[in-house]
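In case you want the letters, here they are:
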Amino acid sequence: MSTPATGAATLAPRRSSRFVAWVRAWRAGLVPFDEVADAIAGDEEHLVADAPGTWTDVPLGEALPVLAKLSPDEIRLVLPAPGDPRGLPGPGDFAGAALDVGEAVVAGSLGLIPQVRTHTSGSGDTFETVLWRVYPLPADAPAASLVLPGAAEAEAELAAALAETTAALTRLDVAQWRPELAGALEALRRPDGTTDLPPGFDPRARRLFARAAVLDRVLALAGHAAPGGAINNYEAQQRDAALRPLTTACRQALVAACNAPLRP
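What counts and what doesn't
Residues numbered from 1 in each chain as written. Predicted model: local features only at pLDDT ≥ 70, side-chain atom pairs only at ≥ 80, totals over all residues. Heavy atoms only, no water. Helix = DSSP H or I, 4+ residues; strand = E, 2+ residues; numbered from the N terminus. Buried < 20%, exposed > 50% of the residue type's maximum accessible area, 1.4 Å probe, protein only. Contact = heavy atoms within 4.5 Å. Areas by Shrake-Rupley, 256 points an atom, 1.4 Å probe, with all protein chains shown as cover. Core = buried A, V, L, I, M, F, W, Y, C linked by side-chain atoms within 4.5 Å. Domains from an automatic or database assignment. Salt bridge = Lys/Arg side-chain N within 4 Å of Asp/Glu carboxyl O. Pairing = 2+ DSSP bridges. Axes fitted to C-alpha atoms, helices over the stretch in contact; angles between N-to-C directions. Parallel < 35°, antiparallel > 145°, perpendicular 65-115°, else oblique. Phe/Tyr/Trp six-rings, centres within 6.5 Å; stacked < 30°, edge-to-face > 60°. Lys NZ or Arg CZ within 6 Å of the ring centre and 35° of its normal.

Student: I'd like to hear about the overall build of the protein chain, residue by residue, with values.
Tutor: Counting secondary structure elements, the protein chain contains nine helices and six strands. Expressed as a percentage of the 264 residues in the protein chain, the buried residues total 46%. Within the protein chain, counting contacts between residues at least 6 apart in sequence, those at least 24 apart form 68% of the total. Total accessible area on the protein chain stands at roughly 12900 Å², and carbon and sulfur atoms take up 54% of it.

Have a look at this one:
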């Protein structure tokens, strides 16, 4: 039987996490350039706007060469949130847009942010395209990545936050209004051996990414209003307070996994 945890596992992780992981692996010489754009996009159409040297939106594969001179350590994932701008290179248009979307890529002197656009065909079918908008970053941008946790620290924080959140949701009797969430959190206690990371990432980073990527989708489920109005405003505030530490730990786990040192 499909559960929210297994269902969440079938959904794509954050687009910026795939972008960072695969572009870093390419720049480390661990995957060929020809595979990168398809690995990032999957079944979606990905375009890039405002890439240096271009005058219109171009396919992702045509824009990636602007990153060809960067080392893997110059490319990193940023998952900011209101009140938690860690990883952003100071205020500006890029930082504002990244906070609005909740994810971004820092690549040398450039920042990239994915924007999902929904289109409707003449026959009424809807489809999405992903537009990566490129921003120039200030030359004096701080090395914010230095303050971010490593994979070992992020893994410990995620495990602690998961235990704390599960206990809090039990006290709130979450099963009354969102029974599938309690089951999903319990399923996440069991390590998942699958991963979407390319070659070069060590087992800890792979394990951390696999768990955090699924948990990220479960938390998106938890953020929605309970079906049938089964939860009032006060209960919703309690739910949000219980989930907040886990949401923060999950974001930092994804960041730590995707930015982890690469090995041949």
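Still to come is the rest of the account.
Student: An account of the nonpolar core is requested, with residue identities and associated values reported.
Tutor: In a soluble, globular protein the nonpolar side chains are often hidden away together inside. F19, V23, L64, L67, W132 and L158 are the most contacted members of the largest nonpolar core, which has 58 residues in total. It is helix α9 (residues 233–258) that provides the largest number of residues to this core, a total of 10 residues. Two domains each donate at least three residues to this core, and these are domain 1 (15–146) and domain 2 (151–259). Counting residues in each nonpolar core, the second largest holds 11 residues, with A95, A104, Y135 and L137 among its members.

Student: Give me the lowdown on the pattern of salt bridges, citing residues and values where you can.
Tutor: Within this structure, the stated rule accounts for nine salt bridges. Measuring nitrogen to oxygen at the nearest pair gives 2.8 Å for the salt bridge that ties R86 to D84. By relative accessible area, R86 is classed as partly exposed at 32%. Taking the relative accessible area as the measure of exposure, D84 reaches 12% and is therefore buried. Each of the salt bridges in this network shares a partner with another, and the network as a whole consists of D84, R86 and R251.

Student: Tell me about the sheet that holds strand β3 (residues 75–78), and name the residues and values.
Tutor: As summarised here, the arrangement of the six strands in space is β2-β1-β6-β5-β4-β3, forming an open sheet in which the pairing is mixed. The open sheet has two edge strands, β2 (58–59) and β3, and neither has a second partner. In the sheet, β3 pairs with strand β4 (residues 104–107) via four bridges, with the strands oriented antiparallel. When the sheet's bridge partners are listed, V78 is paired in β4 with A104.

Student: Give a description of helix α3 (residues 33–41) that names residues and reports values.
Tutor: Taken as a whole, α3 has its buried residues at V36, A37, A39, I40 and A41. Against the buried residues of α3 lie α2 (15–27), β1 (45–49), α4 (60–63) and β6 (126–136). Phi turns positive one or two residues past the end of α3, at G42, with a value near 60°.

Student: For the pairing of strand β5 (residues 110–120), give the residues involved together with the corresponding values.
Tutor: Relative to β5, β4 runs antiparallel, the two sharing three bridges. For V105, the partnering residue across the bridge sits in β5 and is L112. Taking the residues that link successive antiparallel strands as the turn, the β4-β5 hairpin has two residues, and the phi of G108 there is positive, at about 65°. Direction of pairing for β5 relative to β6: antiparallel, over a ladder of 11 bridges. Across the sheet, residue R117 finds its bridge partner in β6, namely T129.

Student: How would you summarise the packing of α2 against α3 if you had to cite specific residues and measurements?
Tutor: Packing of α2 against α3 brings their axes to within 9 Å, and their N-to-C directions diverge by 175°. By the criterion of interaxial angle, the relationship of α2 to α3 is roughly antiparallel. Contacts between α2 and α3 involve R18, F19, W22, V23 and W26 from the first element and F33, E35, V36, A39 and I40 from the second.

Student: Before we move on, can you summarise the packing of aromatic side chains with the specific residues and values?
Tutor: What the rule picks out here adds up to three aromatic pairs. Ring geometry for F19 versus W132: centroids 4.7 Å apart, planes at 45°, classification tilted. Here the residue F19 occupies a position in helix α2, and W132 occupies one in strand β6, the gap between them amounting to 113 residues. Exposure class is identical for F19 and W132. Each is buried. Residues W26 and F33 carry aromatic rings whose centres are separated by 5.1 Å and whose planes lie at 55° to one another, so their mutual orientation is tilted. Assessed through its relative accessible area of 30%, F33 is described here as partly exposed. If you follow R27 out to its NZ or CZ, it ends over the ring of W26, 4.8 Å from the centre.

Distances and angles like these do not, on their own, reveal function.
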